[in-house]
Amino acid sequence: MYDPTVARLTYRALLGRRRAAILFVLPVLLVAISVAVRAFAGADDGVASGVLGGFAIATMVPLIGVIAGTGAIGPEIDDGSIVYLLAKPVKRPTIIFTKLIVAIAVTMLFSALPTFVAGLILNGNGGQIAVAYTIAALVASIAYSALFLLLGTVSRHAVVFGLVYALVWEALFGSLVPGARTLSVQQWSLSVAEKVAGDGLVTSDVGLPLATFLLVGVTAVATWYAGQKLRALKLAGEE
């Protein structure tokens, strides 16, 4: 189910000079904000939770997920180079699964690690804040990668749709409209963080059992459907 050649090509595409520069911007900004907040406000659980929840989980993780998830396959479909990969003796679900693993790894690297570092800067992991939000980032990275990889297989405007979801649905509606929070990856991941922190500093509107079911279900369905869409692509000469 995992192909090293496909993985190598995908890593090369995602971590090229231009895309890697974009990926570094948000983590660097998060760390810079954390340093500034710690200098002015000192160590405080509430402040740390506000920065990590409001910026890291609500903004940084989904945006990096958009870049990594859509970038794992979208450009290849857009420029037609996907045909060279599909012509090789590799099963198409294997291609999708491999690209998903790469997208998850890249999203985790550029979101979960900076979240942990920022948490330590802000509060030295007081109340397990750093660990809780890092786990939320790890969990969210999986679901976002699957969702945005699917977008990359079904639309030539995957980045636009991904940004609309990340910035409008997750950051705006997911924060302001109670009913929308149930369908928010952000809230699902915060449910896991709430369980880890266990002190009321991290809260979610979705219960842990439902959040776990939705995280697993959305990831599985998105991955399966992306495989089906890729399987439906026809090469020249195929019937």
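Since the model is a prediction, treat every value here as computed from it, not as a measurement. Each chain carries its own residue numbering, running from 1 in the written order of its sequence. Per-residue local features are limited, in this predicted model, to residues with pLDDT of at least 70; the limit for side-chain atom pairs, both in listing and counting, is 80 or more; totals at the level of whole chains, interfaces and linings are taken over all residues. Remark: hydrogens and water are excluded; side-chain values derive from all non-hydrogen atoms of the structure.

## What to know about the side chain of Thr 153
Selection criterion: We count a stretch as a helix when DSSP gives it H or I for four or more residues in a row; a strand needs E for two or more, and each element gets its number in order from the N terminus. For the exposure calls, accessible area comes from a 1.4 Å probe over protein chains only, and a residue counts as buried if that area is under 20% of its type's maximum, exposed if over 50%, partly exposed in between. Pairs of N or O atoms are called polar contacts if they sit within 3.5 Å, as long as, within protein, a hydrogen donor faces a hydrogen acceptor (for residues adjacent in sequence, only side-chain-to-side-chain pairs). Should any heavy atoms of two residues lie within 4.5 Å, those residues are counted as being in contact.
As for its position among the elements, Thr 153 is in helix H7 (residues 129-154). Looking at Thr 153, the relative accessible area reads 13%, which means it is buried. Within polar-contact distance, the side chain of Thr 153 engages the backbone oxygen of Leu 150 at 2.7 Å. For Thr 153, the contacting residues outside a window of four places in its chain are Ile 73, Ile 77, Ile 96, Ala 226 and Lys 229.

## Structural notes on a nonpolar patch on the surface
Cut-off, in case you're wondering: In this scheme, patches are assembled from residues that exceed 30% relative accessible area and form no salt bridge. Like charges are connected within 9 Å, while nonpolar side chains (Val, Leu, Ile, Met, Phe, Trp, Tyr) are connected within 5 Å. Residue-level accessible areas treat just the shown protein chains as cover; the underlying method is Shrake-Rupley with a 1.4 Å probe. Here, a salt bridge means any side-chain nitrogen of Lys or Arg that lies within 4 Å of a carboxyl oxygen of Asp or Glu.
Side chains of Val 159, Val 160, Leu 163, Val 164, Leu 167, Val 168 and Leu 172 sit close together on the surface and give an oily, nonpolar patch of about 530 Å² of accessible area. For Val 160, the position within the fold is in helix H8 (residues 158-176).

## A word on helix H10 (residues 208-232)
Under the convention used in this document: In this scheme, a helix's expected span is set at 1.5 Å multiplied by one less than its residue total.
Spanning 25 residues, H10 covers 36 Å between terminal C-alpha atoms, matching the ideal 36 Å at 1.5 Å per step. Among the residues of H10, those classed as buried are Ala 211, Leu 214, Leu 215, Thr 219, Ala 222, Thr 223, Ala 226, Gly 227 and Leu 230. Tucked into the core, H10 has its buried residues touching helix H5 (82-86), helix H6 (92-123), H7 and helix H9 (185-197).

## A closer look at the pattern of salt bridges
Taken as a whole, this structure holds one salt bridge when the rule is applied. The residue Lys 99 makes a salt bridge to Glu 76 at a minimum N-O spacing of 2.7 Å. Placement of the pair is Lys 99 in helix H6 and Glu 76 in helix H4 (residues 74-79), with a sequence separation of 23 residues. Like Lys 99, the residue Glu 76 is buried in the burial classification.

## So, the environment of Arg 156
The residue Arg 156 is located in the loop between H7 and H8 in this model. Given the relative accessible area of 57%, Arg 156 is considered exposed. Between the C-alpha atom of Arg 156 and that of Ile 77, which follows or precedes it by 79 residues, the distance is 7.9 Å. With sequence-adjacent residues up to four places away left out, Arg 156 is seen in contact with Ile 77 and Asp 78.

## A short note on the packing of helix H1 (residues 4-14) against H6
Selection rule: Every angle, taken between N-to-C directions, lies between 0 and 180 degrees, and every axis is a line fitted to C-alpha atoms, over only the stretch in contact when it is a helix. Each angle receives one of four descriptions, namely roughly parallel if under 35 degrees, roughly antiparallel if over 145, roughly perpendicular if within 65 to 115, and oblique otherwise. Each crossing gets its handedness from the near helix: less than a right angle anticlockwise from the far helix is left-handed, clockwise is right-handed. Classes in brief: Ala, Val, Leu, Ile, Met, Phe, Trp, Tyr, Cys and Pro nonpolar; Asp, Glu, Lys and Arg charged; the others, Gly included, polar.
Where H1 meets H6, the closest approach of the two axes is 9 Å, and the angle between their N-to-C directions is 40°. Relative to H6, the element H1 lies oblique. Like other packed secondary-structure pairs, H1 and H6 cross with a definite hand, here right-handed. In this structure, H1 contributes Val 6, Ala 7, Thr 10, Tyr 11 and Leu 14 to the contact, and H6 contributes Ile 95, Thr 98, Lys 99, Val 102, Ala 103, Ala 105 and Val 106. Here the residues of the contact of H1 with H6 are counted per class, giving nine nonpolar, two polar and one charged.

## A few points about the environment of Leu 86
Secondary-structure assignment places Leu 86 in helix H5. Judged by its relative accessible area of 7%, Leu 86 is buried. Sequence separation of Leu 86 and Leu 233 is 147 residues, and the distance between their C-alpha atoms is 8.8 Å.

## Observations concerning the side chain of Asn 123
Inspection of the secondary structure assignment puts Asn 123 in helix H6. Among the polar contacts made by the side chain of Asn 123, one reaches the main-chain amide nitrogen of Asp 44 at a distance of 3.3 Å. Residues in contact with Asn 123, not counting those within four places in the same chain, are Arg 38, Ala 43, Asp 44, Asp 45 and Ala 48.

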